[in-house]
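# Results of the structural survey
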Amino acid sequence: MNRTQVRRWWRLSQQSPWIATLQFLIFMALVMWVVLRGAAEMGYQWQWYNIPEYLWKEYKGELYPGQLTKGLMVTLEMTFWCTIFTLLVGLITALLRMSNSWSGSLLATIYLEVVRNTPLLVQLYLFYFVLSPIFGVDRFWTGVICLTFYEASFVAEIIRSGIVSVDRGQWEAGDAVGLSRRDAYRFIVLPQAVPLMLPPLTGQIINLIKHSAIVSVIAVADLTTEGRNIIADTFMSFEIWFTVAGIYLVITLTLSVFVTWLERRVRVRT
Amino acid sequence: MTAGRRNKKTRWSWIDLLVIAAVIAFVVFVVVRVETVLRYTWNWGHVMPFLAYVDEDTGRWVTNLLLEGLILTMRLAVIGIVISALIGVVMGLCRISNNLFLRMVARTYVELVRNTPPLVFIFIFYFFLSSQLMPLLGVDDLARSDSEFVQWMVRMVAGDPSLFSNFVAGLICLSLFEGAYITEIVRAGIQSIPRGQWEAGKSMGLSGFDVMRNVILPQAVSRIMPPLANQFIILIKDSSIVSLISIQELTFMAVEVGVSTSRVFEVWILTAVMYFVICYACVIVFNWLERRAERSKR
Amino acid sequence: MTENQDPIIRLTDVSKFFGEFQALKSVNMEVQLGERVVVCGPSGSGKSTMIRCINRLEEHDAGRIVVDGKELTEDMGNILAVRREVGMVFQQFNLFPHLTVLRNLTLAPMRARKLSLKEAEEVAMQYLERVQIPDQANKYPSQLSGGQQQRVAIARSLCMKPRIMLFDEPTSALDPEMIKEVLDVMIELAREGMTMIVVTHEMGFAKTVADTMVFMDHGEIVESAPPSDFFTAPESERTQLFLSQILSH
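Each value, and the rule that gives it
- Residues numbered from 1 in each chain as written.
- Chains lettered and ligands numbered in written order.
- Predicted model: local features only at pLDDT ≥ 70, side-chain atom pairs only at ≥ 80, totals over all residues.
- Heavy atoms only, no water.
- Helix = DSSP H or I, 4+ residues; strand = E, 2+ residues; numbered from the N terminus.
- Rg over C-alpha atoms; globule rule 2.2 N^0.38 Å.
- Buried < 20%, exposed > 50% of the residue type's maximum accessible area, 1.4 Å probe, protein only.
- Contact = heavy atoms within 4.5 Å.
- Areas by Shrake-Rupley, 256 points an atom, 1.4 Å probe, with all protein chains shown as cover.
- Lys, Arg positive; Asp, Glu negative; His and termini not counted.
- Charge placed at Lys NZ, Arg CZ, Asp CG, Glu CD.
- Buried area = accessible area lost by both parts, 1.4 Å probe.
- Salt bridge = Lys/Arg side-chain N within 4 Å of Asp/Glu carboxyl O.
- Polar contact = N/O pair within 3.5 Å; in protein donor to acceptor, adjacent residues only side chain to side chain.
- Nonpolar A, V, L, I, M, F, W, Y, C, P; charged D, E, K, R; others polar.
- Pairing = 2+ DSSP bridges.
- Axes fitted to C-alpha atoms, helices over the stretch in contact; angles between N-to-C directions.
- Patch = residues over 30% accessible without salt bridge, like charges linked within 9 Å, V, L, I, M, F, W, Y side chains within 5 Å.
- Left-handed = near helix turned anticlockwise from the far one by under 90°.
- Expected span 1.5 Å × (residues − 1).
- pLDDT = per-residue confidence, 0-100.

## Regarding the overall build of chain C
Per the secondary structure count, chain C includes nine helices and ten strands. Whereas a compact globule of 249 residues would reach a radius of gyration of roughly 18 Å, chain C reaches 18 Å, a difference of no more than 12%. Projected onto its principal axes, the C-alpha coordinates of chain C cover approximately 55 × 45 × 40 Å. Relative to its full complement of 249 residues, chain C shows a buried share of 55%. Expressed as a percentage of contacts within chain C between residues at least 6 apart in sequence, the contacts between residues at least 24 apart total 65%. For chain C, the accessible surface area stands at approximately 10,900 Å², while carbon and sulfur atoms represent 47% of it. Of the charged side chains in chain C, 26 are positive and 35 negative; the average position of the first set lies 7 Å away from that of the second.

## A short note on the overall build of chain A
Looking only at helices and strands, one finds eleven helices and two strands in chain A. The order of α-helices and β-strands along chain A, N terminus first, is α-α-α-β-β-α-α-α-α-α-α-α-α. Expected size for 270 residues packed as a compact globule is a radius of gyration near 18 Å; at 25 Å, chain A overshoots this value by more than 25%. Seen through its C-alpha atoms, chain A measures out along the principal axes to roughly 75 × 60 × 45 Å. Within chain A, the proportion of its 270 residues that are buried is 43%. Looking at chain A alone, contacts between residues at least 24 apart form 69% of all its contacts between residues at least 6 apart.

## Examining the interface of chain A and chain B
In this assembly, 68 residues from chain A lie in contact with 64 residues from chain B. Together chain A and chain B conceal approximately 5,500 Å² of surface at their shared face, both sides included; 74% is due to carbon and sulfur atoms. Among the residues chain A hides against chain B, the three largest losses belong to W102, N117 and I134 of chain A. Together they make up 12% of the total. For the interface between chain A and chain B, the tally reads zero salt bridges. At the boundary of chain A and chain B, one finds ten residue pairs in polar contact (both at pLDDT 80 or more). Residue composition of the side of chain A that touches chain B, grouped by class: 42 nonpolar, 19 polar and seven charged.

## Thoughts on the sheet that holds strand β6 (residues 86-89) of chain C
Residues and elements named next belong to chain C. Pairing is mixed in the open sheet, where six strands are placed in the order β6-β7-β8-β3-β9-β10. Each edge of the open sheet carries a strand with a single partner, namely β6 and β10 (220-225). Between one strand axis and the next, the sheet turns by 15 degrees as a mean value, whatever way the strands run. When strand β7 (residues 164-168) meets strand β8 (residues 195-199), the two strands line up parallel, connected through five bridges. The residue bridging M165 from the neighbouring strand is M196, located in β8. Of the strands in this sheet, β6 and β7 touch helix α5 (residues 146-158), which is tilted by about 170 degrees from β6. Packed on one face of the sheet, helix α6 (residues 176-191) meets β3 (36-40), β7 and β8 and runs near 150 degrees to β8.

## Focus on a positive patch on the surface
All names here are of chain A. Side chains of R3, R7, R8 and R11 sit close together on the surface and give a patch of like positive charge. One can find R11 in helix α1 (residues 3-15). Residue classification places R11 among the exposed residues on the basis of a relative accessible area of 54%.

## Description of the packing of helix α3 (residues 65-95) of chain B against helix α10 (residues 208-238) of chain B
All names here are of chain B. Here α3 crosses α10 at 145 degrees, and the two axes come no closer than 11 Å. Taken as a pair, α3 and α10 cross one another with a handedness that is right-handed. Residues T73, M74, A77, V78, G80, I81, S84 and L93 of α3 form the contact with α10, whose participating residues are M212, L228, Q231, F232, L235 and I236. A breakdown of the residues in the contact of α3 with α10 according to their chemical character gives ten nonpolar, four polar and no charged.

## Considerations on the side chain of S103 of chain A
Inspection of the secondary structure puts S103 of chain A in helix α5 (residues 102-116). Residue S103 of chain A is classed as buried on the basis of its relative accessible area, which comes to 6%. At 2.6 Å, the side chain of S103 of chain A forms a polar contact with the side chain of D16 of chain B. In contact with S103 of chain A, other than residues within four places in its own chain, are D16, V19 and I20 of chain B.

## Remarks on helix α4 (residues 100-115) of chain B
All names here are of chain B. Over its 16 residues, α4 runs 22 Å from end to end, which matches the ideal 22 Å to within 8%, given 1.5 Å per residue. Taken together, the buried positions of α4 are occupied by F101, V105, A106, Y109, V110, E111, V113 and N115. A side-chain oxygen of the first residue of α4 lies 2.9 Å from the backbone nitrogen of F101; this N-cap is N99.

## So, the interface of chain C and chain B
Facing 24 residues of chain C, the contacting portion of chain B comprises 19 residues. In total, about 1,900 Å² of surface goes out of reach between chain C and chain B, with carbon and sulfur atoms giving 57% of it. Breaking the side of chain C that touches chain B down by element, the ones donating at least two residues are α2 (76-85), β6 and α3 (101-112) of chain C. When the residues that make up the side of chain C that touches chain B are grouped by side-chain class, the tally is 14 nonpolar, five polar and five charged.

## Things to note about unusual backbone geometry
Trans is the prevailing form of peptide bonds, just as negative phi is the prevailing case for residues other than glycine. All names here are of chain C. Residue K161 is not a glycine yet carries a positive backbone phi of 50 degrees. Here K161 is to be found in the loop between α5 and β7. On the basis of relative accessibility, which here comes to 48%, the residue K161 falls in the partly exposed class. The backbone phi angle of E169 is positive, close to 45 degrees, even though this residue is not glycine. For E169, a relative accessible area of 14% corresponds to the buried category.

## Thoughts on the sheet that holds strand β5 (residues 70-71) of chain C
Residue and element names in this part refer to chain C. Strand order across the open sheet formed by four strands is β2-β1-β4-β5, with antiparallel pairing between neighbours. Both edges of this open sheet fall to β2 (21-31) and β5, since each of them pairs with a single strand only. Sheet analysis places strand β1 (residues 9-18) next to β2, joined by seven bridges and oriented antiparallel. Across the sheet, the residue bridging to K16 is L24, located in β2.

## Concerning the arrangement of the chains
With two pairs of chains in contact, the largest contact count belongs to chains A and B. Looking at chain A next to chain C, you find no contact at all, with the nearest C-alpha pair sitting 11 Å apart.

## Remarks on the confidence of the model for chain C
For chain C, mean pLDDT is 91; residues scoring 70 or higher make up 98% of the total. On the interface metric, ipTM, the complex scores 0.87, and its pTM is 0.86.

Given below as structure tokens:
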């Protein structure tokens, strides 16, 4: 495209949101076309018709989950356990960090710095090669534990900043009316802090789902692993990867929309 | 916080006892398991030469796999942050443009990247890049070029020319991935400048471009730098993922050394320490720079 | 006012919506060259929106706005030309915090009027002297008091040699003891014959400089009259009520 064409394209998209949307769709179609043409050039055989059998199988009139669906179940199961453990570890870490115990805050700080300054993948290898033989844990739980400690470092920070963000004056007001420290937490600080924490905590679940894909490195049979296995068997790289990415996107984007909704609600209330 | 009201003197509480007991129990359990059940014999002497060793013929220190891996990791991170910052600035400007088409393109890019697992993103892109884009761009030809300058550039960028195309593919994957996060950093930085600054600039008859260049960007840059520095550290860490597409950076080398020596405990602890040292050093340096910048602002 | 002369600003049936909310309801106004208009009214009455439409910081949704013979439309060239003729002073000063006072003043003349650095600095110093803070030229805005900042902001607008000045509640964000120094600069400007539209609640200032008082409420111009009539015999009840509230304290 030359300059005048670019300018014309620009002016068109300024005219109305519908035209801009149309342009966007044209652009996306163009991107798709480039991908498809590239695939055609390397003689790629599209086999989309083979995909459904990896999602579900029908046997004697009854539906059974296909390979990818089974993988998705494992991903969701990991996410479920991780969420619970992450909240627990994150909460303990946050409390230890804010406590007046020197060893507690030291331990929490060391843990946070180590997790923040090493790659998740290296942590996973450490857990898999070093800690899991020591503790005799299987692959699945190795993955769960590793992800838990990784995500919990973020959760700890979310909880801490949520509590810190409650105005100092609120503590002082609590003191002024003679509330104990526990009651001040329970009736004044937490009711204000928890709504603030909810959107970022939900965002953290999204990250958890995304990061859980990494356990395919240690061959936990999650969605990504199943996808890689199928590709190794059938060479349907494009179809499987797009399907896998699509499944992740559906889940994470749904949660993203939920987070946006939560954030708006919190903002209205405060 | 309430903790600030207490005196700073070290005091022991029941929490300390609990924490220390837990730590001791953990350490004892690990040591007992390693020594008696697994019967693992530590041999650091076997692993350390993979960092660097003394060549017996020349008597000089020679870097070995792990250190070379670390160097490649740093190459990826440094070149990667430049490319992804470029992507981030362009996309960030699109993201706040008043042109809906550009906003939609940038938004799609950001949401796609941020909502797919990094692993899946890298696999898809690597597959696509290495099979289609690399031949198209003629990267392989570049690496085989006769020109001395090109050869020098290739060596500077990738180290080993024979792995150049592979390196470039990994680099592009990583940059596209991080670019989405930097896009949001740039957007947030620009949007954090109060609307009044735009209005003041415009009310004096400056064009949108002039307001952006002379008023908004200079202020936005100082707000973008700290999160960008942080993103550099994240980039160092995220670069470990490209080991899965056979880029021979630190994590890849660690897997290799672990397999060939079967000294997995030492190798992985050493690798983690290497990453930690690099990242933590960056944290310290960036914090120092930030404090200095704060101070110079009067 | 001489009615036969062409007005320098003319608003015809100007309406403005923010979503469902109508901020301006077919506003009509004419301002002659050299006229000083003071606009008052309760908050949310559309005063700021109206003057922000005049240099198109807000886009009006209906009606016509003609400034110095140029109609404000999508045409970016016209908008820039009008903005160079029309200076604006904001409630929050909006100085550029990363530039020195001098650079704040020279930026627009250099970029938009293509003046050389030397010329721009000469003009800038001249106006800094007029607002009586030439000694602050090399400081940063954050080092100045609110009153000084607002005077810099006025000087910054004047550097573009505008034919019209708009003031959007220029003293509302100031501490009481600094209001006078800013008003003095504005009175001085009025004496020199600058065309001004001022949104303010400073009724003393209004009585001193205004040729025309405009009272706005609910997005409409309720009353428009010379100050002598406006303050002594307001026609509308809403104006009376507003004046009694604002003058009683």
